[in-house]
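Observations on chain architecture
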Amino acid sequence: MLTAFVRAFRTPDLRRKLLFTLAMIGVYRLGSVVPGPGVSYVAIQSCLDQVKGNSLYGLVNLFSGGALLKLSVFALGIMPYITSSIIIQLLIVVIPRLETLKEEGQSGQAKLTQYTRYLTVALAILQSTGIVALARSGNLIQGCNQKIIPDTSIFKILTLVITLTAGTAVIMWLGELVTDRGVGNGMSVLIFTSIISSMPSQGMTIVRSSNGGFKLTGVILLAVIVITLVVFVEQAQRRVPVQYAKRMIGRRMYGGTSTYIPLKVNQAGVIPVIFASSLLYLPQLLSQVWTNQTLVTYVNRYLVKGDHPIYLAVYFGLIIFFTYFYVAITFNPVEVADNMKKYGGFVPGIRPGRATAEYLDYILSRVTSFGALYLGLVAVLPLLLFNLTAGANRLPFGGTAVLIVVGVGLETVKQIESQLMLRNYEGFLR
């Protein structure tokens with residue numbers, strides 16, 4: 001990995017792309033620390049010191065790089081865009097018009113991207129309004145009586161909501177700039193930056209809590225083991241061989257080649273973990289609105305802390321369910337089998353058409369079962385083991401963070417190496 005980056009900096013155009021990406025990351029981190037208009041920075045810092053380790057907004061705060069609880073300009077982070085992208089992907093399966101746009105190629109994809117942007121802005125308005133309302137009522141950071149927003153006039157509140165919404169739009173623009181003119185997928189790079197930025201402070205928290213570096217050493221060793229496992233499984237795939245029959249078109253013979261369909265072990269990526277975390281976050285959020293003390297006590301006891309067996313069991317079960325659900329809506333064996341039959345392809349020993357679809361579905365189910373167990377273990381096992389060392393609320397190497405960091409890192413390095421290969425190709429032309 002280090003060699004790829006060194007070679008990339010020696011190539012002028014790749015060096016410009018890398019420097020541009022770093023500049024956009026700097027702008028993103030700057031907006032994450034600039035307080036929003038009308039927010040008391042002193043009150044925010046005082047509240048954060050009182051409630052260190054609070055994981056109520058753990059998932060959203062993870063993607064914002066710690067900017068959410070500070071009510072900075074980029075407080076919402078990339079979460080509205082992630083949510084809108086997931087919603088659009090789900091609607092493509094349900095709404096025929098969106099499915100038609102997806103099949104139209106580049107023009108249809110541009111329309112879907114435009115719909116994603118509109119939905120992102122709408123979700124940003126809703127989320128910023130809710131967060132500002134929580135901050136105004138004093139429930140954003142529980143256990144703190146400081147006035148985070150001293151002036152609660154309509155004008156100040158509306159200005160803050162507009163600023164947070166605009167911040168999300170700017171983040172979306174920065175991500176698209178990185179994708180077009182930088183290296184890697186822009187949104188993924190920004191998420192990667194947010195997660196990495198919070199790890200040093202969480203590591204120092206572990207050192208202070210353990211009065212030394214013993215616990216931190218154990219955390220780092222376990223993190224290396226988990227990351228090695230994630231890298232190995234993320235690269236693993238089941239290759240289904242495909243043979244294309246020879247066809248005579250005009251006076252030329254086409255086909256007769258052999259290829260394969262790569263079915264990744266982790267076909268769903270990190271989406272099931274995000275879905276499960278979001279669903280577990282919902283009862284915590286609703287418990288602030290409900291007045292039923294029995295229900296609030298139940299939620300706080302069983303569905304908030306990551307060290308409770310019920311929480312871990314529910315979390316693991318939701319990840320298994322969403323893995324199968326997401327793979328089912330993103331990979332259609334019948335469609336793949338029909339396309340193979342249309343172009344004269346077949347799996348050796350399997351009849352084209354329905355038999356091929358059933359065979360692919362059988363293989364995909366077996367591969368997905370291992371992938372679902374892998375995602376569940378990666379997400380739950382660190383929570384279970386780190387309770388003995390650092391506590392789940394100060395977990396710097398959680399399953400979601402590890403999956404995203406490793407996945408984005410691998411994809412970015414692959415893209416850099418592919419561009420280096422194009423620029424340094426030595427073959428028949430030389």
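See the structure above.
Rules used throughout
- Here the residue numbering is sequential within each chain, running from 1 through the sequence in written order.
- Two thresholds apply to this predicted model, a pLDDT of at least 70 for residue-level local features and 80 or more for giving and counting side-chain atom pairs, whereas whole-chain, interface and lining totals are computed over all residues.
- Only hydrogens and water are set aside when side-chain values are computed; all heavy atoms of the structure are taken into account.
- What makes a nonpolar core is a set of buried Ala, Val, Leu, Ile, Met, Phe, Trp, Tyr and Cys residues whose side-chain atoms join them at distances within 4.5 Å.
- Note on classification: 1.4 Å probe, protein chains only; a residue is buried when its accessible area is under 20% of the maximum for its type, exposed when over 50%, partly exposed between these limits.
- Only runs of H or I of at least four residues qualify as helices and only runs of E of at least two qualify as strands under DSSP, and these elements are numbered from the N terminus.
- The contact criterion used throughout is that any non-hydrogen atoms of two residues lie within 4.5 Å.
- Helix span, as expected, comes to 1.5 Å for every residue beyond the first.
- In this description, one arc is meant: the one made by directions from the helix axis to the C-beta atoms.
- Here the rule is simple: two strands pair whenever DSSP picks up at least two bridges between them.
- Helix axes use the C-alpha atoms of the stretch in contact, all axes being lines fitted to C-alpha atoms, and the angles between their N-to-C directions lie in the range 0 to 180 degrees.
- In this scheme, a crossing is called left-handed if the near helix is turned counterclockwise away from the far one by less than a right angle; it is called right-handed if the turn is clockwise.
- Charged means Asp, Glu, Lys or Arg here, nonpolar means Ala, Val, Leu, Ile, Met, Phe, Trp, Tyr, Cys or Pro, and polar covers whatever is left, Gly included.

What follows deals with the nonpolar core. Formed by 64 residues in total, the largest nonpolar core has its most connected members in Val230, Val273, Tyr315 and Leu403. With 10 residues, helix H15 (residues 354-386) is the largest single contributor of residues to this core. In contact with valine 230, other than residues within four places in its own chain, are Tyr374, Val378, Val402, Leu403 and Val406. Leu71, Ala124, Ile157 and Leu164 belong to the second largest nonpolar core, which has 15 residues in total.

Attention now goes to helix H2 (residues 12-33). The end-to-end C-alpha distance of H2, which contains 22 residues, comes to 32 Å, matching closely the 32 Å that a straight helix rising 1.5 Å per residue would cover. For H2, the full list of buried residues reads Leu14, Leu18, Phe20, Thr21, Met24, Ile25, Tyr28, Gly31 and Ser32. Burial along H2 is one-sided: seen end-on, the buried residues are contained in an arc of 160 degrees. Opposite the packed face of H2, turned more than 90 degrees from it, sit the exposed residues Arg16, Leu22 and Leu30.

To continue, consider the sheet that holds strand E4 (residues 258-264). Strand pairing within a sheet occurs via backbone hydrogen bonds; the two strands may be parallel or antiparallel. Taking strand neighbours across the sheet as the criterion, the three strands line up as E4-E1-E5 in an open arrangement whose pairing is antiparallel. The open sheet terminates on both sides in strands that have one partner only, identified here as E4 and strand E5 (345-346). Note that strand E1 (residues 237-244) and E4 share seven bridges and pair antiparallel. Bridged to proline 241 within E4 is tyrosine 260.

Turning to the environment of tyrosine 260, a few remarks are in order. Mapped onto the elements of the fold, tyrosine 260 is located in strand E4. A C-alpha to C-alpha distance of 5.7 Å links tyrosine 260 and arginine 239, two positions 21 residues apart in sequence.

Here we come to the packing of helix H7 (residues 106-137) against helix H8 (residues 154-181). Across the interface, H7 lies against H8 with an axial gap of 9 Å and an inter-helix angle of 145 degrees. Two packed elements cross with a definite hand, and for H7 against H8 that hand is right-handed. Only Ile157, Leu160, Val161, Leu164, Thr165, Thr168, Met172 and Glu176 of H8 make contact with H7, whose side of the interface consists of Thr113, Arg117, Thr120, Val121, Ala124, Ile125, Ser128, Thr129, Val132 and Arg136. Of the residues that constitute the contact of H7 with H8, the class distribution is nine nonpolar, six polar and three charged.

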